[in-house]
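What the coordinates show
Residues per chain, in single letters:
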Amino acid sequence: MKKKLYLKNYMEDVVFSFLDGLIREKKGCTCERCRYDIAAIALNNLSPKYIVTESGEVFAKTQLLSQQFKTDTVVAILKAIEIVSKNPHH
């Protein structure tokens, strides 16, 4: 039986895994619109990590262990929080 394939930008999961904690830390707005605006800005400034299979997801998760990968993600989210905080759309 063939495994079902899917296409996903794994960076969405990564950004959302850090998002709420960083917003709280920076006392940013936690409404749904601001959260999605922050995520969109951060994702547009990060390289996508597209995966197709479960083994691709495992490989992508190993990259998350890299300190530089974490740092780049956190920096992109913090910059996005600053942008949205200065000009919220809610």
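Bear in mind that the values here come from a model prediction, so they are computed numbers and not experimental data.

So, the state of the cysteines
This structure, assessed with the given rule, holds zero disulfides. Unpaired in this structure, Cys29 has its nearest cysteine sulfur neighbour in Cys31, at a distance of 3.5 Å. Residue Cys29 is classed as partly exposed on the basis of its relative accessible area of 30%. On the basis of relative accessible area, Cys31 is assigned to the partly exposed category, the value being 26%.

Comments concerning the pattern of salt bridges
Inspection of every chain in the model, using the stated rule, returns four salt bridges. A salt bridge links Lys8 to Asp13; its shortest N-O distance comes to 2.5 Å. Residue classification places Lys8 among the partly exposed positions, given a relative accessible area of 28%. Asp20 is the partner of Arg35 in a salt bridge, and the nearest nitrogen-oxygen pair spans 2.7 Å. With Arg35 in helix α2 (residues 32–44) and Asp20 in helix α1 (residues 10–25), this residue pair connects regions lying 15 residues apart in the sequence. The exposure class of Arg35 is buried, given its relative accessible area of 18%. Judged by relative accessible area, Asp20 falls into the partly exposed class, the value being 29%.

Scoring rules and cut-offs
Sequence positions are assigned chain by chain, starting from 1 and proceeding in written order. Only residues with pLDDT of at least 70 are given local features in this predicted model, and only at 80 or more are side-chain atom pairs given and counted; all residues enter the totals for whole chains, interfaces and linings. Based on all heavy atoms of the structure, the side-chain values leave hydrogens and waters out of the count. In what follows, a disulfide is any cysteine sulfur pair within 2.5 Å. Type-normalised accessible area, obtained with a 1.4 Å probe on protein chains alone, sets the label of each residue: buried when under 20%, exposed when over 50%, and partly exposed for intermediate values. Any Lys or Arg side-chain nitrogen found within 4 Å of a carboxyl oxygen on Asp or Glu counts as a salt bridge. The numbering of helices and of strands both runs from the N terminus, where a helix is a DSSP run of H or I of at least 4 residues and a strand a run of E of at least 2.

As far as function goes, none of this settles anything; it's purely spatial.
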